[in-house]
Amino acid sequence: MPDDIALYIHIPFCRRKCNYCSFISYPHRDADIPAYVEALKQELGLRIRGKSIRSIYFGGGTPSLLSARQLNDILATISSLGRVNQMAEITIEANPGTVSEPYFRDIRALGVNRLSLGIQSLNDAELALIGRIHTAAEAREAVSFAHKAGFNNLNLDFIYGLPKQTLNDWQKTLTEAMEIGAEHLSLYCLTLEDGVPLWGTIKRGDLPDTDHDLSADQYEMAEDLLAESGYRHYEISNWARPGYECRHNLTYWDNSPYLGIGAAAHSFLNGRRLANTPDIDKYLDAFVDKPEPVLDLNEEISPELQLAETVILGLRQCQGIYHDDIQRRFGIDLLKRYRRELTEMVNAGLLEYDNRCLRLSRRGRLLSNEVFWRLLPE
Ligand code: SF4
């Protein structure tokens, strides 16, 4: 296992399931949180002993359903087993409707230094449509709680491409998002997997389907407005004030090693991809019967696939990937290896190449999946 790791902890509990959600999260299981915290501590004991940790990220689900005491318990376990870098970025995802100013003060005092708030929209009709548990007023209140509690590294998540959401609606949300004082914004286009309630509503014709041209316009509007306000577009879906890029997520986009703890958590270590079972009952039982997590996946990533994934993840970053970095890491000449694909995509205006650096063009960011699938091994 590499010595310096990015540590992800999955907290799969939610108050209620949102209409668009296909993440691993369990509503109405709050009673299992204490046992889950114990299971996390056991898994940490098996997997992080002696390791140096450069970032910790509590994702979900709704990690803010854990009390400050439970978070403290987990963080103390991590510190007792591993070496947490003094400058480590420690992020927790939190949802409006589950937080208060004292709660944020308490977790700030534990050393949590970055908050990611799942706001999704500042329009009440849109929030109701996607089944969020909070109103726009509660979202604004959560931001205010965070600032008053001393958080100065705040991310807000938003969704565009919502049914009935006009360009004007999106502009209003974005404008307020910038004014509210967030250092980081993550903007995701709505994607619905088969079977989620909102997908059913659209399939029945009760709501309009996604208008892809409008979503593209919304994305380009975000690129323009955020650039004018001094946010740096550093990854396809992420913008930050300079110096506030998410260090934990940059580990993923650099295709560097990370360790995931908890139900459904994924890891990439020593050239292998591992995934814990997404079944919370199996996960909890695993530590009762035998002291090891239940892996659903444990596969070697071939050098060919590691190269492709590194190129694809690197291209997600707006700065692009450097020919010399790929040469150093894989001993491969990027331009020779992908000559045909890259030539076609540069000619199609999807990729740009200069100063030995390859990056997506503005058009390429809109059509990134068209680029990425062509780089995967056959
Ligand atoms: S809060 Fe997030 S994880 Fe929980 S149900 Fe809603 S979208 Fe899913």
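Residues numbered from 1 in each chain as written. Predicted model: local features only at pLDDT ≥ 70, side-chain atom pairs only at ≥ 80, totals over all residues. Heavy atoms only, no water.

**So, the pairing of strand 7 (residues 154-160)**
Here's step 1: Counting buried positions over the seven residues of strand 7 gives seven, a clear majority of the element.
Here's step 2: A two-sided burial pattern is seen for strand 7, the buried positions comprising Leu-154, Leu-156, Phe-158 and Tyr-160 on one face and Asn-155, Asp-157 and Ile-159 on the other.
Here's step 3: As paired strands, strand 6 (residues 114-120) and strand 7 are joined by five bridges and run parallel to one another. The partner of Leu-117 across the bridge, within strand 7, is Leu-156.
Here's step 4: The β-α-β motif built from strand 7, the intervening helix 6 (residues 167-179) and the parallel element strand 8 (residues 184-189) has right-handed crossover chirality. (Buried < 20%, exposed > 50% of the residue type's maximum accessible area, 1.4 Å probe, protein only. Helix = DSSP H or I, 4+ residues; strand = E, 2+ residues; numbered from the N terminus. Pairing = 2+ DSSP bridges. Right-handed = clockwise from strand over helix to strand, strands pointing away.)

**Section: the packing of helix 11 (residues 303-316) against helix 12 (residues 323-330)**
Here's step 1: With their axes 12 Å apart at the nearest point, helix 11 and helix 12 run at an angle of 155° to one another. One element, helix 11, and the other, helix 12, form an angle in the roughly antiparallel class. Relative to helix 12, the crossing made by helix 11 is right-handed. Packed against helix 11, whose contacting residues are Pro-303, Gln-306, Leu-307, Thr-310 and Val-311, the element helix 12 presents Ile-326, Arg-329 and Phe-330 at the interface. (Axes fitted to C-alpha atoms, helices over the stretch in contact; angles between N-to-C directions. Parallel < 35°, antiparallel > 145°, perpendicular 65-115°, else oblique. Left-handed = near helix turned anticlockwise from the far one by under 90°. Contact = heavy atoms within 4.5 Å.)

**Overview of the side chain of Ser-267**
Here's step 1: You can see Ser-267 is positioned in strand 12 (residues 266-269).
Here's step 2: Of the residues examined, Ser-267 reaches a relative accessible area of 1% and is grouped as buried.
Here's step 3: At 2.9 Å, the side chain of Ser-267 and the backbone nitrogen of Gly-260 are in polar contact.
Here's step 4: Beyond its immediate chain neighbours, meaning those up to four positions away, Ser-267 contacts Arg-47, Tyr-258, Leu-259, Gly-260, Arg-272, Arg-273 and Leu-274. (Polar contact = N/O pair within 3.5 Å; in protein donor to acceptor, adjacent residues only side chain to side chain.)

**Quick word on the site of the ligand**
Here's step 1: Around the ligand, a shell composed of Cys-14, Arg-16, Lys-17, Cys-18, Tyr-20, Cys-21, Phe-23, Ser-25, Gly-61, Thr-62, Asn-95 and Arg-132 is seen.
Here's step 2: Of the residues belonging to the shell around the ligand, the class tally is five nonpolar, four polar and three charged. (Near = heavy atom within 4 Å. Nonpolar A, V, L, I, M, F, W, Y, C, P; charged D, E, K, R; others polar.)

**Here's the deal with the packing of aromatic side chains**
Here's step 1: Summed over all chains, the structure comprises twelve aromatic pairs.
Here's step 2: Look at Tyr-8 and Tyr-57: their rings are 6.1 Å apart centre to centre, the planes differ by 20°, and that puts the pair in the stacked class. With Tyr-8 in strand 1 (residues 4-11) and Tyr-57 in strand 4 (residues 52-60), this residue pair connects regions lying 49 residues apart in the sequence.
Here's step 3: Its relative accessible area of 15% is what places Tyr-8 among the buried residues.
Here's step 4: By relative accessible area, Tyr-57 is classed as buried at 7%.
Here's step 5: Judged by centre distance (6.4 Å) and plane angle (50°), the rings of Tyr-258 and Phe-268 are tilted. Taken as a pair, Tyr-258 in strand 11 (residues 258-261) and Phe-268 in strand 12 lie far apart in primary sequence, ten residues in all. Each member of the pair, Tyr-258 together with Phe-268, is buried.
Here's step 6: Above the ring of Tyr-231, the side-chain terminus of Arg-241 is found at 4.0 Å from the ring centroid. (Phe/Tyr/Trp six-rings, centres within 6.5 Å; stacked < 30°, edge-to-face > 60°. Lys NZ or Arg CZ within 6 Å of the ring centre and 35° of its normal.)

**A word on the domain arrangement of the protein**
Here's step 1: Domains assigned within the protein are domain 1 (4-253) and domain 2 (320-375).
Here's step 2: Just the C-alpha atoms count here: the centres of domain 1 and domain 2 sit 30 Å apart.
Here's step 3: Overall, the association of domain 1 and domain 2 removes approximately 580 Å² of surface from exposure, summing both partners, and the carbon and sulfur fraction of that is 55%.
Here's step 4: Considering only the surface of domain 1 that becomes buried against domain 2, Glu-220, Glu-223 and Ile-236 emerge as the three largest contributors, covering 64% of it.
Here's step 5: The tally of links from domain 1 across to domain 2 stands at four salt bridges.
Here's step 6: Linking Arg-365 and Glu-223 is a salt bridge whose minimum nitrogen-to-oxygen distance equals 2.8 Å.
Here's step 7: At the surface where domain 1 touches domain 2, the tally comes to three residue pairs in polar contact (both at pLDDT 80 or more).
Here's step 8: Looking at the side of domain 1 that touches domain 2 residue by residue, the class counts come to three nonpolar, one polar and three charged. (Domains from an automatic or database assignment. Buried area = accessible area lost by both parts, 1.4 Å probe. Salt bridge = Lys/Arg side-chain N within 4 Å of Asp/Glu carboxyl O.)

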